[in-house]
Each structure stands twice: as structure tokens, then as C-alpha cells.
Amino acid sequence: MLDRQKSKLNMYVLTRDFLLASSRITDKWAVFAQLFTSFTAYITEIFSIAELQDEDHTGITQSKNQLRASLMDLMQVISEKCSAYALVNDKNEFLSLVKFYKSDLLKLGDVDLISKARSLYDNVMP
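Reading the values: the criteria
- Residues numbered from 1 in each chain as written.
- Predicted model: local features only at pLDDT ≥ 70, side-chain atom pairs only at ≥ 80, totals over all residues.
- Heavy atoms only, no water.
- Core = buried A, V, L, I, M, F, W, Y, C linked by side-chain atoms within 4.5 Å.
- Buried < 20%, exposed > 50% of the residue type's maximum accessible area, 1.4 Å probe, protein only.
- Helix = DSSP H or I, 4+ residues; strand = E, 2+ residues; numbered from the N terminus.
- Contact = heavy atoms within 4.5 Å.
- Salt bridge = Lys/Arg side-chain N within 4 Å of Asp/Glu carboxyl O.
- Phe/Tyr/Trp six-rings, centres within 6.5 Å; stacked < 30°, edge-to-face > 60°.

## Observations concerning the nonpolar core
In summary, soluble globular proteins display a tendency toward joint burial of nonpolar side chains.
Point 1. Counting residues in hydrophobic clusters, the biggest one holds twelve residues: Met72, Met75, Cys82, Ala86, Phe94, Leu95, Val98, Phe100, Leu105, Leu113, Ala117 and Leu120.
Point 2. Sorting the residues of this core by element identifies helix H4 (60–88), helix H5 (92–98) and helix H7 (110–124) as the ones contributing at least two each.
Point 3. With four residues, the top contributor of residues to this core is H4.
Point 4. Once residues lying within four places of it in the same chain are set aside, the contact partners of Phe100 are Met75, Gln76, Ser79, Leu105, Lys116 and Leu120.
Point 5. By size, the runner-up hydrophobic cluster in this structure holds five residues, among which are Leu9, Tyr12, Val13 and Ile46.

Rendered as C-alpha cells:
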């Protein structure tokens, strides 16, 4: 749950608590009881969904992390093969363009990793 969403939920809870404290006034309105029951159920549902989200680490984040790991693995394999080619053929300039370590890739942010992958592709492809 994002900070903005938590703030909004806290506002809902404060509103609910305020309305519970004002029940002496609101009990006079027949329609209000039904609306307040729906509102309370809505807050309870949000809390249950928030708990599930905290426990469940699937979805976009997990998919992104898996794709990121796959990209890094593929880049590392290509880098190793191209580095071996550059060493055998004494191509130091090419070696400087394609040689890197997985630890270097792990430090990169998403945008930088994609940029590095594009750079590797551009340098390797004729």
C-alpha cells in the first residue's frame, strides 16, 4: 500500500470514528444507517485487501524482477562470449565495449540496465 493510499485509509477510519461518536445525531436519519453500514464494510474490505497485498509478493513487481534477472543473465552470457572472442582476436576496443560483470549490472537501476543492454546489442550486432 502506498503512503498516499494509507493516508486516504486513515482519513476513512477517522471519518468512521467521528460518525460513531456522533451517533446520537445521525441515528435520527433513516437512510444514514444503511450508508454508514456500507461505508464500514468498505473500510473493512480495504483492510483485508491491504493485508493480502502485504503478504502476497506476486504481480508486477515479481514479474519485473524476474524479467530483470533474465535480462542480466542473458547479458552476462553474451558479454562472456564476446569477451572471449575479443581476447582471442586481440580486439581491445571491442573488449572494452562488451566486458562487464554481473555485480556491475546488479547496481544499475532499471533505466540504466535497459540502456546498457541496448548498448551491448548495438556493439555486438554488425
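Here the narrative resumes, following the displayed structure.
## Some remarks on the pattern of salt bridges
Point 1. Using the criterion set out here, one finds three salt bridges in the structure.
Point 2. Residue Arg68 pairs with Asp110 through a salt bridge whose shortest N-O separation is 2.9 Å. Taken together, the residues span a long stretch of sequence, with Arg68 in helix H4 and Asp110 in helix H7 at a distance of 42 residues.
Point 3. Exposure remark for Asp110: the relative accessible area of 34% places this residue in the partly exposed category.
Point 4. With its nearest N and O atoms 2.3 Å apart, the salt bridge here joins Lys102 to Asp73. Highlighted residues: Lys102 in helix H6 (residues 102–107) and Asp73 in helix H4, separated in sequence by 29 residues.

## Considerations on the packing of aromatic side chains
Point 1. Taken as a whole, this structure holds five aromatic pairs when the rule is applied.
Point 2. Ring geometry for Tyr12 versus Tyr42: centroids 5.8 Å apart, planes at 55 degrees, classification tilted. Of this pair, Tyr12 sits in helix H1 (residues 3–21) while Tyr42 sits in helix H3 (residues 30–55), and the two are 30 residues apart along the sequence.
Point 3. The exposure class of Tyr12 is buried, given its relative accessible area of 17%.
Point 4. Aromatic side chains Phe32 and Phe36 sit 5.9 Å apart centroid to centroid with 15 degrees between the ring planes, which places their arrangement in the stacked category. Taken as a pair, Phe32 and Phe36 lie in helix H3 at a separation of four residues, close to a single helical turn.
Point 5. Judged by relative accessible area, which is 16%, Phe36 ranks as buried.
Point 6. Three or more aromatic residues link up through ring pairs in this structure, and these residues are Tyr12, Phe39 and Tyr42.

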